[in-house]
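Chain by chain, the residues run as shown.
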Amino acid sequence: MAGVRVGLVTLRPGDALGKVSLAAGLVRKRLYVAVPAAAGEPVPSLQTRLASVYHEVFSAAPSVDAMVLLDPRLTPPDTSTFFGYPDEGNGAEERGLEMCSLTPPRSGAVQPLAAAEKAAEQGVKQYAHVCMGGTFDRLHIGQKLLLSMAAYKTKEGGRLFCGIAQDALFKEKALRELIEPSGKRERTVRTFLNRIKPSARYEIAPLLDGYGPSVTDPSFEAIVVTEETASGGAKCNALRAERGMSAMDVVTIGLVSPQGELKGGLEAKSKLSSTGARMRIVARLLDGGELWCKKLACPAYVVGITGGVATGKSAATDHLRHLGAEVLEADDLPGSGEEVKRAILDRMEGSKAAILFVSHSKIVENGWDDVFDELWVVVAPPKVAKERLVKRDGASAESADEAVDGQLSGLDRVEKAHVMLSNHGGEAEFGQVVDDAWRALRERSGKTLADLDGLARRWAELAGPACASAGDAAFWWREIRDRCVKPGRYYHNLDHLRDMFALVDEFKGDLERPDLVAYAVFFHDAVYDSQAKHPSNEMESARLWRRFAGAPGRNLAEADVGAVASWIERTAAHTDGVATGDLALFLDFDLAVLGRPRSSYFEYAEAISLEYSHIPFPDFVEARCKAMASFLKNPEGPYFNPKMRARFGARAVSNVQAEIDSLAATSS
């Protein structure tokens, strides 16, 4: 059962909390926990119980996304497995889930459950109209508790408004370059709330100031805040009073430590925070480093390093020299533009160093970010950079503002980076950041394509014979790999390729040219931008394939190159027209996810929603329903190959209709 991605466990009165730990250890992605709550349970009691459950999951499996259901009768649509003791088999059957039996731990009963029954007598006030706001970057225990309490305080069928803070509200926030896009945060919050309590109505919208509609909408009865933001609730009420509106009840939720314990006045730096989550990414490969290897054919492993004015790029290269690294200060090279780029490439080819850093202030602006094995970007908060200019260079406040605000933003640079170095603290702290980055770099810089398994090995075996050298094959592997792991690829990523190749292997005997189908799989989503105009992605992916296939020495037949390109282009309209043979199977493999088990399908649907999170949710619902309806034209399913149709067709039709119905219900 170690392969379970999404599961559900129920804590009954008297169950040990360790039951949650056992289930969490068997899940790879998400665990739902149903904790029966007494009606009218006061917020502090429920919050303490939820905190203990979230802590238990976090302690057992930090990477698992836990969601505690406010209605224990719920079975979220992406759930595949019910975790329970042997006497709970009927629970799995009632929910239509696969059963995974757990061995009861000997101790650790959930004490708060019994206390909740007494608390019910005290009653709890709930509201028809509740509001709240926050950044909600990388949802952690504290944010989940805040959202859960807000949902709990909202009546059945009531309205909960949740504002998502926009860029203007965190200009000086630590590591703002790593804050998730607003749309991603909105979709994550929406999914969380609809999963834990679908019986409320949720309005989730951008928050452009510290108040939002709380000071313009007289219907709000309560505002949910943390101890940190309680003063904001008071300010909202003051503004409401000035405008003749009644005061809202201010519901204050306690903070949570990294251990999941509720704290009254916890220090900001010790609480479980999104800032802490972002800090753990600094000095590491931003994309996680899966199947990473050297990209360039030159002997040295080459790292480009860049940064804005007064961010500390020079301090970083000075420290790297102290660590023994070789650094080329490319800003000092004569000439400009392509002349400098050519000089950089010549130096890279001739370097005898194992690792070479190329420092230049305009790497991203000049479009040179793809000429290195990896790119590091140094960032600092704008306020800090301006203070440095004034103190270090004697610049006036006005000229410092002009220099920092008039350049390419740190966010734009980080979008091109593999590693981000944050210089928001003191010299010693930044030195530690560079040390950490250098240590991790030395561990990965020696990896080659030959050292990798899985998809990378499959690529090497497929493309190696057609490539001029091992370095050529590695370069193109990194081209494919780097594109697939880009931020925002929640479905069209390496896992999608793995799923397709599992079918390629299974149907190998039915394929006339499995090698061409494999090339089509590798390249068909190589270019994927959810904001691009249709069918730009498919056309650009086909062009990238032709670029690979047309390189010197490839020895690929022109007819084969054209066939693969046409197959890739056809994915722009899978079911339009006729498809037979290898094309039919390739197209069917790409759509196989539609016919997966219901839980897997809704994982896919959630991932697609994230990929299109830049679109306002109502608009997304309309476009998505229209697009998915096209797959219902054939009642036997959207597949060409008879075997694929028999295996996936009926379930695909059922899944697609279920998603359309779910979206319609969510948006109503």
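Small disclaimer: the values here were computed from a predicted structure and weren't measured.

Thresholds, definitions, all that
- Residues numbered from 1 in each chain as written.
- Predicted model: local features only at pLDDT ≥ 70, side-chain atom pairs only at ≥ 80, totals over all residues.
- Heavy atoms only, no water.
- Pairing = 2+ DSSP bridges.
- Helix = DSSP H or I, 4+ residues; strand = E, 2+ residues; numbered from the N terminus.
- Right-handed = clockwise from strand over helix to strand, strands pointing away.
- Buried < 20%, exposed > 50% of the residue type's maximum accessible area, 1.4 Å probe, protein only.
- Polar contact = N/O pair within 3.5 Å; in protein donor to acceptor, adjacent residues only side chain to side chain.
- Axes fitted to C-alpha atoms, helices over the stretch in contact; angles between N-to-C directions.
- Parallel < 35°, antiparallel > 145°, perpendicular 65-115°, else oblique.
- Left-handed = near helix turned anticlockwise from the far one by under 90°.
- Contact = heavy atoms within 4.5 Å.
- Nonpolar A, V, L, I, M, F, W, Y, C, P; charged D, E, K, R; others polar.
- Expected span 1.5 Å × (residues − 1).
- Arc of directions from axis to C-beta.
- Phe/Tyr/Trp six-rings, centres within 6.5 Å; stacked < 30°, edge-to-face > 60°.
- Salt bridge = Lys/Arg side-chain N within 4 Å of Asp/Glu carboxyl O.
- Core = buried A, V, L, I, M, F, W, Y, C linked by side-chain atoms within 4.5 Å.
- pLDDT = per-residue confidence, 0-100.

Student: I would appreciate a short explanation of the pairing of strand β10 (residues 249–253) in the present structure.
Tutor: Side-chain positions along a regular strand alternate between the two faces of the sheet. Note that strand β9 (residues 222–226) and β10 share 5 bridges and pair parallel. Residue pairing for β10: V224 is matched across the bridge by V251. In this view, the connection linking β9 to its parallel neighbour β10 by way of helix α7 (residues 230–242) has right-handed handedness.

Student: Mind showing me how you'd approach the side chain of R159 here?
Tutor: Structurally, R159 is set in strand β7 (residues 154–165). In this structure R159 comes out as buried when scored by relative accessible area, which is 8%. Polar side-chain contacts of R159 include one of 3.0 Å to the side chain of H129.

Student: Please explain the packing of helix α15 (residues 454–463) against helix α18 (residues 514–523) as it appears in this structure.
Tutor: For any two helices packed against each other, one specifies the crossing angle of their axes together with the interaxial distance. Running from N to C, α15 and α18 cross one another at 130°; their axes reach a closest spacing of 11 Å. With respect to their mutual orientation, α15 and α18 come out oblique. In this structure, α15 crosses over α18, and the sense of that crossing is left-handed. Facing L455, R458, W459, L462 and A463 of α15, the residues of α18 in contact are D515, A518, Y519, F522 and F523. Here the contact of α15 with α18 is built from residues that sort into 8 nonpolar, no polar and 2 charged.

Student: Is there a simple way to think about the sheet that holds strand β8 (residues 201–207) in this case?
Tutor: Ordered in space as β8-β7-β6-β9-β10, the 5 strands form an open sheet in which the pairing is parallel. Only two strands of the sheet have a single neighbouring strand rather than two, namely β8 and β10. Neighbour-to-neighbour, the strand axes of the sheet open up by a mean angle of 25°, direction not taken into account. Strand direction decides the pairing type here: β7 and β8, joined by 7 bridges, are parallel. In the strand pairing of β8, C162 is matched with I204. Sheet strands in contact with α7 are β9 and β10, and its direction is about 155° off that of β9.

Student: Help me out: how do you make sense of helix α23 (residues 617–629) in this one?
Tutor: The terminal C-alpha atoms of α23 lie 18 Å apart, and with 13 residues this matches the ideal 18 Å at 1.5 Å per residue to within 8%. Those residues of α23 not exposed but buried are F617, F620, V621, R624, C625 and M628. An end-on view of α23 places all buried positions within 125° of arc, on one side of the element. Within α23, the exposed residues directed more than 90 degrees away from the buried face are P618, E622 and K626.

Student: I keep staring at the packing of aromatic side chains and nothing clicks. Help me out?
Tutor: Aromatic ring pairs are reported here in terms of the distance separating the ring centres and the angle at which the planes meet. Here the structure, examined in full by the defined rule, presents 23 aromatic pairs. Ring geometry for W459 and F548: centres 5.4 Å apart, planes at 55°, overall tilted. Residue W459 is located in helix α15, and its partner F548 is located in helix α19 (residues 536–549); the two are separated by 89 residues in the primary sequence. Summarising the burial analysis for this pair, W459 and F548 share the class buried. Arranged with centres 5.3 Å apart and planes meeting at 75°, the rings of W476 and F548 form a pair that is edge-to-face.

Student: I tried to follow the pattern of salt bridges on my own but got confused; where do I start?
Tutor: Once the charged atoms of two side chains with opposite charge are near each other, the side chains can pair. One pass over the structure, following the stated rule, counts 49 salt bridges. For E479, the salt bridge goes to K295, with nearest N and O atoms at 3.3 Å. Residue E479 is located in helix α16 (residues 470–484), and its partner K295 is located in the loop between α8 (274–279) and β13 (301–307); the two are separated by 184 residues in the primary sequence. On the basis of relative accessible area, E479 is assigned to the buried category, the value being 10%. The class for K295 is buried, based on a relative accessible area of 5%. R439 is the salt-bridge partner of D436, the closest N and O atoms lying 3.0 Å from each other. Separated by 3 residues within a single helix, D436 and R439 lie in helix α14 (residues 427–444), roughly one turn from each other. Among the charged side chains, a network of salt bridges with common partners joins R30, D65, D78, K144, R195 and E606.

Student: Explain the environment of V621 here, please?
Tutor: Locating V621 in the fold gives a position in helix α23. For the pair V621 and S63, spaced 558 residues apart in the sequence, the C-alpha separation amounts to 29 Å.

Student: Sorry, what's going on with α16 here?
Tutor: Structurally, the α-helix is built with 3.6 residues per turn, so residues lying three or four positions apart point the same way. The terminal C-alpha atoms of α16 lie 21 Å apart, and with 15 residues this matches the ideal 21 Å at 1.5 Å per residue to within 8%. For α16, a buried count of 12 out of 15 residues is recorded, marking the element as mostly surrounded by other parts of the structure. Buried residues of α16: D472, A473, A474, W476, W477, R478, E479, I480, R481, D482, R483 and C484, and no others. Against the buried residues of α16 lie α15, α17 (494–506), α18 and α19.

Student: Looking at this structure, I do not really get the nonpolar core. What am I missing?
Tutor: Taken as a class, soluble globular proteins show a tendency for nonpolar side chains to be buried jointly. Counting residues in each nonpolar core, the largest one holds 77 residues, and the members touching the most others are W459, W477 and F523. Top contributing element to this core by residue count: α18, with 8 residues. When sequence neighbours within four positions are dropped, the list of residues in contact with F523 reads W459, W476, I480, S541, L544, W545, F548 and I568. Grouped together as the second largest cluster of nonpolar side chains are 62 residues, L97, L147, V189 and I253 included.

Student: What exactly am I supposed to notice about the sheet that holds β13 here?
Tutor: Consider a sheet: its strands pair through backbone hydrogen bonds, and that pairing is either parallel or antiparallel. Pairing in this open sheet of 5 strands is parallel, and the strands run β14-β15-β13-β16-β17 from one edge to the other. Strands at the two margins of the open sheet, each flanked by one partner only, are β14 (326–329) and β17 (419–422). Shown here is a sheet whose adjacent strand axes are inclined to one another by a mean of 25°, direction ignored. In the sheet, strand β16 (residues 374–379) pairs with β17 via 4 bridges, with the strands oriented parallel. In the sheet register, V379 faces β17, and the bridge partner there is S422. This element, helix α10 (residues 338–350), spans β13, β14 and β15 (355–359) of the sheet and lies at about 165° to β15.

Student: Help me understand the confidence of the model for the protein in this model?
Tutor: Close inspection of predicted coordinates is inappropriate in any region flagged by low pLDDT. When the pLDDT values of the protein are averaged, the result is 91; 93% of them are 70 or greater. Between residues 108–122, whose pLDDT stays under 50, and residues either more than four places distant or in other chains, the model counts 29 contacts. Below pLDDT 50 for its whole length, residues 262–271 participates in 24 contacts with residues either more than four positions away or in separate chains.

Student: When you look at the pairing of strand β2 (residues 27–34) in this model, what are you seeing that I'm missing?
Tutor: Most of β2 is tucked away: 6 of the 8 residues are buried. Strand direction decides the pairing type here: strand β1 (residues 4–10) and β2, joined by 6 bridges, are parallel. Each bridged residue has a counterpart across the sheet, and for V9 the counterpart in β2 is V33. A crossover connection joins β1 to the parallel β2 through helix α1 (residues 18–24); in handedness this β-α-β unit is right-handed.

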